[in-house]
Structure formats: C-alpha cells, structure tokens
Amino acid sequence: MGNDDHAGHALRAPSRLHAFNRYEIKYLMPGTALPALLAELDRRLDRDSHGTDGGYGVWSTYYDTRDLRFYWEKIEGLKFRRKLRIRHYGDRFAVGDDTTVFVEIKQRVNRVTQKRRVALPYRQALRLCDGREMVEHEPGQAAFLEEVLGLVSRLDLRPVAMTGYQREAFVGRGAEAGLRVTVDQRLRGRDRDFHLGADAENRLIIPARLAVVEFKANERVPYWLTDLAAELNLSVARISKYCQSVEAYGRAPRSIFHVPDTDPAPARSEA
C-alpha cells in the first residue's frame, strides 16, 4: 500500500489554506451490500492512511441563520449554495482547546463542489465563528478568514446542528490519483451542546442499516466505479447529512429528500 495519498490528506496539514473542486456522486446503500463494495474498493484503490482499523470519526458543527437559510438553499436546489462548519477528524472525546480542527466553507456551483478550509486550534475556531473575532493566522489565510468573519457577522450565523459518523476512505493511485471514495456509517447528530467534545447524547439521523457512499473525482468518476454502482443496484441519492440532522430534530419539516427512520422506535446512539 505505500501509496502517497496526498490528494486526500494533505488537506489536513495545519499550516495552509486549502481549496479544491470536485464532482461528487452520493449513494445511500444497505449495509448488507457493503462487503462486496469494500472488497472491490480494496482491490482497486488504496486505503486512506488515516483510516486503518475500521476508519475514523468525522464530527462537524454546522452554522446557519435563524431561518435556516443554508438549509433551504439545499432543499430548494439552488445552483449556488454554501455552508459553514467546524470539522474534527478522530475521537470527539479527545477534543480540547488546542485540538486542530478545520473551519470550512463548502459550496456548490452548478455540479461542482468547492471546499475551502483552514486548520486552527479549536479555541481559535470558536473565537472566529462564535466570538466573531479575527484570530491569528498566516498571511495566505487572511482572505478566507475575513470571508468567514463576514459571513457569521453579516448573516448572524450560529451553531444549528452537529453530525458525526464513522468513515472508511479510499484514494486512487496512478492515473486515478484524484479519485476518493468514502463510506460513512452510523450517521448521528444532535441539535444542542455544540462543543465538539461535549459528552452529549446523539440520535441516529439515518437508520443504522444504511450507509452513505460518495464518489469524489477532480474530473470524472471512472467507468469501473459507476459500473460497480450499477452492479450493486445503487441509486444516486440527494441526501445531506446536515439537512438530515435538522429534520431529525424537527427544526424543519421533513423534505422529500429525507431518509425516513423505519425502525419502530427512535434510534439513539451515545457514541
């Protein structure tokens, strides 16, 4: 495996502003189909170097307006839409003031997803997004941080929802170096206690029997991967983890894109 998965993980280096564009295809699939998918991904791609032994946790706090502007932009399918979040990779119970997190703006322009983000100590990220104060930064990060500060101040953004899940990730090699496939399971969230390290209850926002799979490519997804999706009878899903969390807690009426909880009682997860 000694492949350099720079395309997937240089994005976590703490010293620079990172920006990248991708085409993304998202699927919702039953867990029973995962073994076949994972076996083929292991054969054709390299495991993300941060995702050995069952992957890693991904936790995000999403910011929105009082009337959920970013939520409604997604539901209404605006060709240009964006969202602001603070994201942490790994064990959320280990998050402290000095833990490295990412302040990220993710936006969609037609079919292209654009992400821009900077790594900051969690204390500084909260000062920026909650305290609405400029924080110490490198010269190349100034424009992005000013944009974040302008967004939270002008739109009066505040934490609205948190999501978390266990991710297994794969990266392409050679001619497919820009390819990334993620498999997210145990998707859960909460609508309060927004500190990433809070010992707070989380509710499953998608039934535990389902996983979210994403194909992400700089230009196009390889044919073998779309053929594999067809073989496994996967259907493209217009699903947003953020919107799922908002709707799961009744912050907005459930949209036609909501994945229903078909279990007889609300499922909860403490992890």
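About the thresholds
What you see as residue numbers is a count from 1 along each chain, following the sequence as written. Since the coordinates come from a predicted model, pLDDT governs what is reported: local features require at least 70, and pairs of side-chain atoms require 80 or more to be given and counted, while whole-chain, interface and lining totals use all residues. With hydrogens and water stripped out, all remaining heavy atoms of the structure feed into the side-chain values. Here is the rule: rings of Phe, Tyr and Trp (six-membered ring for Trp) pair when centre to centre is within 6.5 Å. Planes less than 30 degrees apart are stacked, more than 60 are edge-to-face, and the remainder are tilted. Here, a charge over a ring is recorded when the distance from Lys NZ or Arg CZ to the ring centre is within 6 Å and its angle to the ring normal is within 35 degrees. With a 1 Å grid laid over protein atoms only, a set of points is called a cavity when a 1.4 Å probe fits there but cannot get out and a pocket when it is open yet has protein on both sides within 12 Å along at least five of seven lines; lining residues have an atom within 4 Å of a point. Grid points are joined across faces, edges and corners, and a volume is the space filled by probe spheres set on the points. Note that Gly is not counted as nonpolar here; it falls among the polar residues with everything else outside the nonpolar set of Ala, Val, Leu, Ile, Met, Phe, Trp, Tyr, Cys and Pro and the charged set of Asp, Glu, Lys and Arg. What is meant by a nonpolar core is a set of buried Ala, Val, Leu, Ile, Met, Phe, Trp, Tyr and Cys residues, joined one to another through side-chain atoms within 4.5 Å. When a residue's accessible area, from a 1.4 Å probe over protein chains only, is under 20% of the maximum for its type it is buried; when over 50% it is exposed; and in between it is partly exposed. Starting at the N terminus, helices and strands are each numbered in turn, a helix being any DSSP run of H or I of at least four residues and a strand any DSSP run of E of at least two. Two strands make a pair as long as DSSP finds a minimum of two bridges between them. To be clear, the arc concerns the directions from the helix axis to the C-beta atoms. Any two residues having at least one pair of non-hydrogen atoms within 4.5 Å are treated as being in contact. Only the stretch in contact is used when a helix axis is fitted, and all axes are lines through C-alpha atoms; the angle between N-to-C directions ranges over 0 to 180 degrees. Between 65 and 115 degrees an angle is taken as roughly perpendicular, under 35 as roughly parallel, over 145 as roughly antiparallel, and anywhere else as oblique. Throughout, a crossing is termed right-handed when the near helix is turned clockwise from the far one, and left-handed when it is turned anticlockwise from it by less than a right angle. Residue-level confidence of the predictor is summarised by pLDDT, bounded by 0 at the bottom and 100 at the top. Between Lys or Arg on one side and Asp or Glu on the other, a salt bridge is scored when a side-chain nitrogen of the former is within 4 Å of a carboxyl oxygen of the latter.

Student: Break down the packing of aromatic side chains for me, citing the residues and quoting the values.
Tutor: Per the stated rule, a full pass over the model turns up five aromatic pairs. For the ring pair Tyr 71 and Trp 72, a centre distance of 4.9 Å and an interplane angle of 85 degrees mean the geometry is edge-to-face. The rings of Tyr 56, Tyr 89 and Phe 102 are connected pair by pair, giving a single aromatic cluster. Across from the ring centre of Trp 59, 4.7 Å away, lies the NZ or CZ of Arg 92, which sits over that ring.

Student: So, the layout of surface pockets: which residues are in play, and what are the values?
Tutor: The computed volume of the second largest pocket comes to approximately 180 Å³. Lining the second largest pocket we find Ala 175, Glu 176, Ala 177, Gly 178, Leu 179, Ala 217, Asn 218, Glu 219, Arg 220 and Pro 222. In terms of residue class, the lining of the second largest pocket is made up of five nonpolar, two polar and three charged.

Student: Would you mind going over the nonpolar core in detail, with residue names and values included?
Tutor: Grouped together as the largest cluster of nonpolar side chains are 26 residues, with contacts concentrated most on Leu 84, Ile 86, Val 103 and Leu 128. Where this core is concerned, the elements lending two or more residues are strand 3 (56-64), strand 4 (80-89), strand 5 (100-109), strand 6 (112-121), helix 4 (122-129) and helix 5 (142-154). At six residues, the largest contribution of residues to this core is made by helix 5.

Student: How would you sum up the pairing of strand 5? Please name residues and give values.
Tutor: The buried fraction of strand 5 amounts to seven of the 10 residues, a majority that puts the element mostly inside the structure. Judged from the eight bridges that link them, strand 4 and strand 5 form a sheet pairing that is antiparallel. Bridging across to strand 5, Arg 87 finds its partner in Phe 102. Bridge analysis of strand 5 against strand 6 gives 10 bridges, and the strand direction is antiparallel.

Student: Please set out empty space enclosed by the protein residue by residue, giving values where relevant.
Tutor: Applying the stated criterion across every chain, the model contains one cavity of 30 Å³ or more. Approximately 60 Å³ is the volume found for the largest cavity. What lines the largest cavity is Lys 74, Ile 75, Arg 238, Ser 240, Cys 243, Gln 244, Glu 247, Ser 255, Phe 257 and His 258. Contributing elements (two or more residues each) for the lining of the largest cavity: helix 3 (69-75) and helix 7 (241-248). Ranked by residues supplied to the lining of the largest cavity, first place goes to helix 7 with three residues.

Student: Run through helix 2 (residues 34-44), naming residues and quoting values.
Tutor: For helix 2, the full list of buried residues reads Leu 34, Leu 37, Leu 38, Glu 40 and Leu 41. Take helix 2 and look down its axis: the buried residues cluster within an arc of 165 degrees, on one side only. For helix 2, the exposed residues lying more than 90 degrees away from the buried face are Pro 35 and Arg 43.

Student: I'd like a rundown of helix 4, residues and numbers included.
Tutor: Among the residues making up helix 4, those that are buried are Tyr 122, Gln 124, Ala 125, Leu 128 and Cys 129. In an axial view of helix 4, the angular spread of the buried residues amounts to 160 degrees, which keeps them on one side of the axis. The inward-facing, buried residues of helix 4 contact strand 3, strand 4, strand 5, strand 6 and helix 5.

Student: Quick one: what's the story with the pairing of strand 10 (residues 210-217), residue by residue and with numbers?
Tutor: Along strand 10, eight of the eight residues are buried, which leaves the element largely enclosed by surrounding structure. Burial along strand 10 is two-sided: the face carrying Leu 210, Val 212, Glu 214 and Lys 216 and the face carrying Ala 211, Val 213, Phe 215 and Ala 217 are both buried.

Student: Break down the packing of helix 2 against helix 6 (residues 223-231) for me, citing the residues and quoting the values.
Tutor: In the contact formed by helix 2 and helix 6, the axes pass within 11 Å of each other and the chain directions differ by 165 degrees. With respect to helix 6, the axis of helix 2 lies roughly antiparallel. Classified by chirality, the crossing of helix 6 by helix 2 is right-handed. Here Leu 37, Glu 40, Leu 41 and Arg 44 of helix 2 lie close against helix 6, whose contacting residues are Trp 224, Leu 225 and Leu 228.

Student: I'd like to hear about the confidence of the model for the protein, residue by residue, with values.
Tutor: Of the residues in the protein, 88% reach a pLDDT of 70 or more, and the chain-wide mean stands at 88. The weakest mean pLDDT in the protein belongs to helix 1 (residues 6-9) at 40; the strongest belongs to helix 4 at 98. For the stretch residues 1-15, pLDDT sits under 50, and the model shows 36 contacts to residues farther than four places along the chain or on other chains.

Student: Mind laying out the pattern of salt bridges, listing which residues take part and the relevant values?
Tutor: With the rule as written, the count across this model stands at 22 salt bridges. Across the salt bridge formed by Lys 106 and Glu 24, the nearest N and O atoms sit 3.7 Å from each other. With Lys 106 in strand 5 and Glu 24 in strand 1 (residues 17-30), this residue pair connects regions lying 82 residues apart in the sequence. Residue Glu 24 is classed as buried on the basis of its relative accessible area, which comes to 15%. Here Arg 180 makes a salt bridge to Asp 48, at a shortest N to O gap of 3.1 Å. One end of the pair, Arg 180, is in strand 8 (residues 180-190); the other, Asp 48, is in the loop between strand 2 (46-47) and strand 3, with 132 residues separating them in the sequence. For the pair Arg 180 and Asp 48, a shared accessibility class is recorded, and that class is buried. Through salt bridges with shared partners, a single ionic network connects Arg 66, Arg 132, Asp 156 and Arg 158.

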